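Here is what each chain is made of, one letter per residue.
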Amino acid sequence: MKTAGQSARTDRRTSEPAPAALPRRAPLPAHHPDPVLDVVVPVFNEENDLEPCVRRLHAHLAETFPYPFRITIADNASTDRTPRIAARLVAELPDTDWIRLDEKGRGRALHAAWSRSSAPVLAYLDVDLSTDLAALLPLVAPLISGHSDIAIGTRLARGSRVVRGPKREFISRCYNTLLRGTLAVGFSDAQCGFKAVRRDVAERLLPLVEDQAWFFDTELLVIAERAGLRIHEVPVDWVDDPDSRVRIVSTALADLRGMARLGRALARGRLPLSALHRSEDPLDGPELPPGLLPQLLRFAAVGIASTLFYLALYTALRPATGAQAANALALLISAVANTAVNRRLTFGIRGRTGAVRHQLKGLAAFLFGLAVTSGSLALLHHTTPGAGRRVETATLIAANLAATLLRFLLFRAWVFPARHSRRTTGQTTS
């Protein structure tokens, strides 16, 4: 037995130089002498479930897993017979280990166990074995092959079979919907207790994850996705544990606080996401998208320049074409230029890949701007038929400012999404 103690605490050394990029993903060799997979089972006062869980997991891995493995029991300061049972299991079952932590917290247990492991693939599952173990090999296979960086079980994808009460189903779906609405995540199920990660990725991710309890999973996934890492999803069969000890209200409040904290950190660019960038990945660009505030400032600067360009075009075209045609032509030309400049400067995307798609989506945003500005002109001419050029110009400036905020949101979430296209969803059913 090894005591982890305070080793699981987050270590944020922001003053150190940024580490080199992660190496390119590669498959693990077919013949690996050391454990390839380390499955962690975090427990707190689980004297009834621990032994049947570990014995069943050990038997399943021994029969079906083609590589050497290890099972690590991570005891979160249990006060019942859990430590004695864990020690006996380690003595009886080969390839089994356990650590003892002085403080509670699932995130703290996973941080400690994963940090000390030498296995190239790290996983964890809940002690109640709500998830069918048949999904374990499909979960870790993309990591062993070098296809993905992280793999998660999902209860919310097509192909999943879930048995649980309406209350927990409603809470789970509300939580994941809230995540998509607030942090714009692309993965479907943040809280399923069935996940795996490559060790080289975990070494960079764990120091950035602050939560030590239930929000640990969500925070790890959000940071990984924002950094452009590849997340593989596996539909699972899942049966709710009626004896679950999760305190729904306190956990939900802690999750909301975690979302707010993580959202602020991402918006202010405080997380060194470049530490998770992979070198020579053909799907990765040379730069990662900046945080919300830098993006907003750059978008505003580009918007000011675009507005001046638009007004110059409108003034030049107005005598020959009339107000409405001049507005449409000037807005179209400036919108194409605006999309191209924002693509490069605001969202850090270089090269021609996806440029046509980005321009087409940018034109959709242009149509919104056209509707707002044309509608404003029509309303002005209807209410004030004798309005002069200065009033027209002031009206157009106000209309453009009104459309700018929504256009930025469209650009960030739809035209230039934050690397969500690199998430891959497995189609393997368990």
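Residues numbered from 1 in each chain as written. Predicted model: local features only at pLDDT ≥ 70, side-chain atom pairs only at ≥ 80, totals over all residues. Heavy atoms only, no water.

Considerations on the pairing of strand S2 (residues 37-43)
Regular strands place side chains that alternate from one sheet face to the opposite one. Of all 7 residues making up S2, 7 are buried, and the element is well covered by its neighbours. Burial along S2 is two-sided: the face carrying Leu37, Val39, Val41 and Val43 and the face carrying Asp38, Val40 and Pro42 are both buried. The parallel pair S2 and strand S3 (residues 69-76), bridged by helix H1 (residues 50-64), forms a crossover whose chirality is right-handed. As paired elements, S2 and strand S5 (residues 121-125) share 4 bridges and run parallel to each other. What sits directly across from Asp38, in S5, is Leu122. (Buried < 20%, exposed > 50% of the residue type's maximum accessible area, 1.4 Å probe, protein only. Helix = DSSP H or I, 4+ residues; strand = E, 2+ residues; numbered from the N terminus. Right-handed = clockwise from strand over helix to strand, strands pointing away. Pairing = 2+ DSSP bridges.)

Points about the environment of Thr395
With respect to the helices and strands, the residue Thr395 is situated in helix H12 (residues 389-415). Using a relative accessible area of 18% as the deciding quantity, one classes Thr395 as buried. A C-alpha to C-alpha distance of 8.1 Å links Thr395 and Thr373, two positions 22 residues apart in sequence. When sequence neighbours within four positions are dropped, the list of residues in contact with Thr395 reads Ser376 and Leu380. (Contact = heavy atoms within 4.5 Å.)

A few points about the packing of aromatic side chains
Across all of its chains, the model carries 7 aromatic pairs by this definition. Ring geometry for Phe65 versus Tyr67: centroids 6.0 Å apart, planes at 50 degrees, classification tilted. Looking at Phe65, the relative accessible area reads 9%, which means it is buried. In this structure an aromatic cluster arises from ring pairing among Phe299, Phe408, Phe411 and Phe416. Cation over ring: Arg155 sits above Trp238, and NZ or CZ is 4.8 Å from the ring centre. (Phe/Tyr/Trp six-rings, centres within 6.5 Å; stacked < 30°, edge-to-face > 60°. Lys NZ or Arg CZ within 6 Å of the ring centre and 35° of its normal.)

Topic: the nonpolar core
Inside soluble globular proteins, nonpolar side chains tend to come together where they are buried. Residues Trp114, Ile150, Phe187, Leu205, Leu220 and Ile223 are the most contacted members of the largest nonpolar core, which totals 45 residues. Looking at this core, the element that brings in the most residues is helix H7 (residues 216-226), giving 6 residues. Dropping the residues within four chain positions of it, Ile223 is found in contact with Leu205, Leu208, Val209, Leu262, Leu271, Leu273 and Leu276. Listed in part, the 40 residues of the second largest apolar core include Val41, Val54, Ala151 and Val236. (Core = buried A, V, L, I, M, F, W, Y, C linked by side-chain atoms within 4.5 Å.)

Observations regarding H7
Of all 11 residues in H7, 11 are buried; the element is thus mostly enclosed. Within H7, burial applies to Phe216, Asp217, Thr218, Glu219, Leu220, Leu221, Val222, Ile223, Ala224, Glu225 and Arg226. Note on H7: the residue one or two positions beyond its end, Gly228, has a positive phi of about 90 degrees.

Some points on a nonpolar patch on the surface
Among the surface-exposed residues, Leu178, Val249, Leu253 and Leu256 lie close enough to one another that they form a single nonpolar patch of about 350 Å² accessible area. Per element, the largest residue contribution to the nonpolar patch is 3 residues, and it comes from helix H8 (residues 248-267). Within the fold, Leu256 resides in helix H8. (Patch = residues over 30% accessible without salt bridge, like charges linked within 9 Å, V, L, I, M, F, W, Y side chains within 5 Å. Areas by Shrake-Rupley, 256 points an atom, 1.4 Å probe, with all protein chains shown as cover. Salt bridge = Lys/Arg side-chain N within 4 Å of Asp/Glu carboxyl O.)

So, the packing of helix H10 (residues 323-346) against H12
What describes two packed helices is the angle between their axes and the distance between those same axes. Their axes nearest at 13 Å, the elements H10 and H12 cross at an angle of 35 degrees. The element H10 and its partner H12 pack so that their crossing is right-handed. Together, Ala323, Asn327, Leu331, Asn338, Thr339 and Asn342 of H10 and Glu392, Leu396, Asn400 and Phe411 of H12 make up the contact between the two elements. Among the residues forming the contact of H10 with H12, the class breakdown is 4 nonpolar, 5 polar and 1 charged. (Axes fitted to C-alpha atoms, helices over the stretch in contact; angles between N-to-C directions. Left-handed = near helix turned anticlockwise from the far one by under 90°. Nonpolar A, V, L, I, M, F, W, Y, C, P; charged D, E, K, R; others polar.)

Brief notes about helix H3 (residues 106-116)
Within H3, 9 of the 11 residues are buried, leaving the element largely enclosed by the surrounding structure. Within H3, burial applies to Arg106, Gly107, Arg108, Ala109, Leu110, His111, Ala112, Ala113 and Trp114. Packing partners of the buried residues in H3 comprise S2, S3, strand S4 (96-101), S5, strand S8 (194-198) and H7.

Examining the confidence of the model for the chain
Per-residue confidence for the chain averages 83 on the pLDDT scale, and 87% of its residues sit at or above 70. Note that pLDDT drops below 50 for residues 4-15; the model gives that stretch 30 contacts with residues more than four away or on any other chain. (pLDDT = per-residue confidence, 0-100.)

Examining the side chain of Arg198
Within the element layout of this structure, Arg198 appears in strand S8. In this structure Arg198 comes out as buried when scored by relative accessible area, which is 9%. Here the side chain of Arg198 touches Ala26 through a polar contact of 3.3 Å, landing on its backbone oxygen. Here the side chain of Arg198 touches Leu143 through a polar contact of 2.5 Å, landing on its backbone oxygen. Every residue in contact with Arg198, bar those within four places of it in the chain, is listed here: Ala26, Pro120, Leu143, Ile144, Gly146, Ser148, Asp149 and Arg278. (Polar contact = N/O pair within 3.5 Å; in protein donor to acceptor, adjacent residues only side chain to side chain.)

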